[in-house]
Amino acid sequence: MKKILVTGALGQIGSELIAKLRGVYGTDNVIATDIKREKQYWVTQSGPHESLDVTNAQAMFDIAKKYEVDTIMHLAALLSATAEEKPLLAWNLNMGGLINALEVARELQCQFFTPSSIGAFGPTTPKDNTPQVTIQRPTTMYGVNKVSGELLCDYYYLKFGVDTRGVRFPGLISYVAPPGGGTTDYAVEIYYEAIQTGRYTSYISQGTYMDMMYMPDALDAIIKLMEADSGKLVHRNAYNVTKISAQPEDFAAAIKTHMPNFKLDYNIDPVRQAIADSWPNSIDPSAAKEEWGFAAAYDLPKLTADMLEKLQKKLRPNAI
Ligand code: SER
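Every residue gets a number counted from 1 within its own chain, in the order that chain's sequence is written. Under the rules for a predicted model, residues below a pLDDT of 70 receive no local features and side-chain atom pairs below 80 are neither given nor counted, while totals for whole chains, interfaces and linings still include all residues. By convention in this description, side-chain values take in all heavy atoms of the structure and omit both hydrogens and water.

Student: So what exactly am I meant to see when it comes to the overall build of the protein here?
Tutor: Helix numbers and strand numbers start at the N terminus; a helix is a DSSP run of H or I with at least 4 residues, a strand a run of E with at least 2. Looking only at helices and strands, the protein has 11 helices and 14 strands in total. The reference for a compact globule is 2.2 Å times residues^0.38; the radius of gyration itself is calculated from the C-alpha atoms. Scaling as 2.2 N^0.38, a compact globule of 320 residues should have a C-alpha radius of gyration of about 20 Å, and the protein matches this with 19 Å. With a 1.4 Å probe rolled over the protein chains alone, any residue whose accessible area is under 20% of its type maximum counts as buried; one over 50% counts as exposed, and the rest are partly exposed. Counting all 320 residues of the protein, 53% fall into the buried class. At a minimum sequence separation of 6, the contacts of the protein that also span at least 24 residues come to 79%. Only heavy atoms enter the contact rule, under which two residues are in contact if any of them lie within 4.5 Å.

Student: What's the story with the packing of helix α4 (residues 87-108) against helix α5 (residues 141-160) in this structure? I'm lost.
Tutor: Orientation is described by lines fitted to C-alpha atoms, with helices fitted over the stretch in contact, and by angles between N-to-C directions that extend from 0 to 180 degrees. α5 packs onto α4 with a crossing angle of 15 degrees between their chain directions and a minimal axis gap of 10 Å. With respect to α5, the element α4 is oriented roughly parallel. Crossing geometry of α4 relative to α5 is assigned as right-handed. Residues P87, A90, W91, N94, M95, L98, I99, L102, E103 and R106 of α4 touch α5, and the partners they reach there are M141, Y142, V144, N145, S148, G149, L152, C153, Y156 and F160. Taken together, the residues that form the contact of α4 with α5 break down as 14 nonpolar, four polar and two charged. When describing relative orientation, an angle under 35 degrees is termed roughly parallel and one over 145 degrees roughly antiparallel, while 65 to 115 degrees is termed roughly perpendicular and anything else oblique. Left-handed describes a crossing whose near helix is turned anticlockwise from the far helix through less than a right angle; right-handed describes the clockwise counterpart. Throughout this entry, Asp, Glu, Lys and Arg are counted as charged residues, while Ala, Val, Leu, Ile, Met, Phe, Trp, Tyr, Cys and Pro are counted as nonpolar. The remaining residues, Gly among them, count as polar.

Student: Explanation requested: the packing of aromatic side chains in the structure shown.
Tutor: The relative placement of two aromatic rings is captured by the distance of their centres and the angle of their planes. In this analysis, rings of Phe, Tyr and Trp, with Trp reduced to its six-membered ring, are considered paired at centre separations within 6.5 Å, and the interplanar angle assigns stacked below 30 degrees, edge-to-face beyond 60, and tilted for intermediate values. Under the definition given, this model contains nine aromatic pairs. Seen in terms of ring centroids, W292 and F294 are 5.5 Å apart; in terms of plane orientation they differ by 20 degrees. Their pairing is stacked. Both residues of the pair, W292 and F294, belong to the buried class. Joined through ring pairs, the aromatic side chains of Y186, Y191, Y203 and F251 make up one cluster. One cation-aromatic arrangement involves K302 over Y298; the distance from NZ or CZ to the ring centre is 4.6 Å. Distance and angle both matter: a charge sits over a ring if NZ of Lys or CZ of Arg is within 6 Å of the ring centre and within 35 degrees of the ring normal.

Student: In this structure, what is going on with the site of the ligand? I would like to understand it.
Tutor: Around the ligand, the surrounding shell consists of L79, S80, S117, Y142, G182, T183, T184 and W279. We call two N or O atoms a polar contact when they sit within 3.5 Å, provided that within protein one can donate a hydrogen and the other can accept it, with sequence-adjacent residues counted only if both atoms are side-chain atoms. Residue S80 places a side-chain N or O atom 2.6 Å away from an oxygen atom belonging to the ligand. T184 is positioned with one of its side-chain polar atoms (N or O) 2.8 Å from a nitrogen atom of the ligand. Only the protein chains shown count as cover for residues, and the accessible areas themselves come from Shrake-Rupley with a 1.4 Å probe. The fraction of the free accessible surface of the ligand (240 Å²) that becomes covered by protein chains is 94%. Any residue with at least one heavy atom within 4 Å of a molecule or strand is counted as near it.

Student: Any chance you could explain the packing of helix α8 (residues 248-256) against helix α11 (residues 300-315) here in plain terms?
Tutor: When two helices pack together, their arrangement is captured by the angle between the axes and the distance separating the axes. Interhelical geometry of α8 versus α11 gives an angle of 60 degrees and a closest axis separation of 9 Å. On the basis of their axis angle, the class for α8 and α11 is oblique. By crossing handedness, the relation of α8 to α11 is classed as right-handed. Taking contact as the criterion, the partners of D250, F251, A254 and I255 in α8 are, on α11, L300, T304 and L308.

Student: When you look at the sheet that holds strand β9 (residues 171-173) in this model, what are you seeing that I'm missing?
Tutor: Whenever strands of a sheet pair, they do so through backbone hydrogen bonds, lying parallel or antiparallel. Each pair of strands is called paired provided DSSP finds at least two bridges between the two strands. One open sheet accounts for three strands, arranged β9-β11-β13; its pairing is mixed. The open sheet has two edge strands, β9 and β13 (244-246), and neither has a second partner. Here the strands of the sheet are splayed against their neighbours by 40 degrees on average, with no regard to which way each runs. Where strand β11 (residues 210-214) lies against β13, three bridges are found, and the strand directions are antiparallel. Each residue of the ladder has a partner; that of M212, found in β13, is I244. Against the sheet, α11 contacts β9, β11 and β13, and its axis sits at roughly 55 degrees relative to β11.

Student: Got a minute to help me understand the pattern of salt bridges in this structure?
Tutor: Pairs may arise between side chains of opposite charge once their charged atoms sit close together. Definition used for salt bridges: Asp or Glu carboxyl oxygen within 4 Å of a side-chain nitrogen of Lys or Arg. Following the criterion strictly, the structure yields 10 salt bridges and no others. Of the charged contacts, one joins E50 and K66 as a salt bridge, the two residues approaching to 2.7 Å between their closest N and O atoms. Residue E50 is found in strand β3 (residues 49-51), and its partner K66 is found in helix α2 (residues 57-66); the two are separated by 16 residues along the sequence.

Student: What am I meant to see in the sheet that holds strand β12 (residues 239-240) here?
Tutor: The strand order β6-β8-β12 describes an open sheet built from three strands, whose pairing is parallel. If you trace the sheet from one side to the other, it starts and ends with β6 (116-117) and β12, each paired once. Bridge count for strand β8 (residues 167-169) against β12 is two bridges, and the pairing is parallel. The residue of β12 that forms the bridge with V167 is Y239.

Student: Teacher, can you tell me more about helix α6 (residues 186-196) here?
Tutor: Residues spaced three or four apart along an α-helix point in a common direction, a consequence of the helix completing one turn every 3.6 residues. Most of α6 sits out of view: eight of its 11 residues are buried. Within the span of α6, buried status applies to Y186, A187, V188, I190, Y191, Y192, A194 and I195. At the exit of α6 stands G198, carrying a positive phi of roughly 80 degrees.

Structural data, given as structure tokens:
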């Protein structure tokens, strides 16, 4: 991995992955791309960047060729709740972008990464400690995209020898760029609201467990998987990764250890609640550990302490 093209570079993962990759591989070896064109969006990205609509296959190929990349990290996608609102757009963007990126990887012989998700599971999947290989019959458009994406990545590996790799991310919690349109977003919002107002109204109900992970662990997973010995990867597309299985009240309890007056209440969004109910309570990440040695570091107390400290500095710098 020497020269890396990243799509969706201004999204929740991309905003932090770019900086991390540039630290590891060198600024000029990481090409950040996103559909956003306006200059102000790029101020945080100190290095090569291009505007790119991932549904434009030729434009993606031209950028990859121009920079002679040997790795593609394809992040651009609509998340679960937005995909449910706009299923046709989600299919066109999530699947159209993916097949374009895989085609570039095939033509230019690039290594390839794209994230799958806990959304690739559905209501008939075993709910607790969900195995790496199990029933995948999701009932959301996002889930349909993710399962199709996993299969497509396997196909490009088996048929064309493209070195495709992926993880099934749980909800990712971070303080740099907000997620948008996901079902697990509450677990980010709760920290922002704790700092800003001291209370949070959750759109996900009490007692709803979902898997979560802190962004530093997610970045570590991507780099570790891409650096792993190809011969050791049995499952490839895509590995269960997680650290925390939690319900909204668990986040509230963790926040209360730092802010005793924090208040949580509920106003359920039926669309996102139905999506959450169709996903596992907890997934089994042992294949990632066995095949490429990944173990996430941040549990809920450690994540909470770090999130609150970082957000305090970001949102209320004069209050410290
Ligand atoms: N965080 C994503 C979502 O909620 C799941 O992959 O859509």
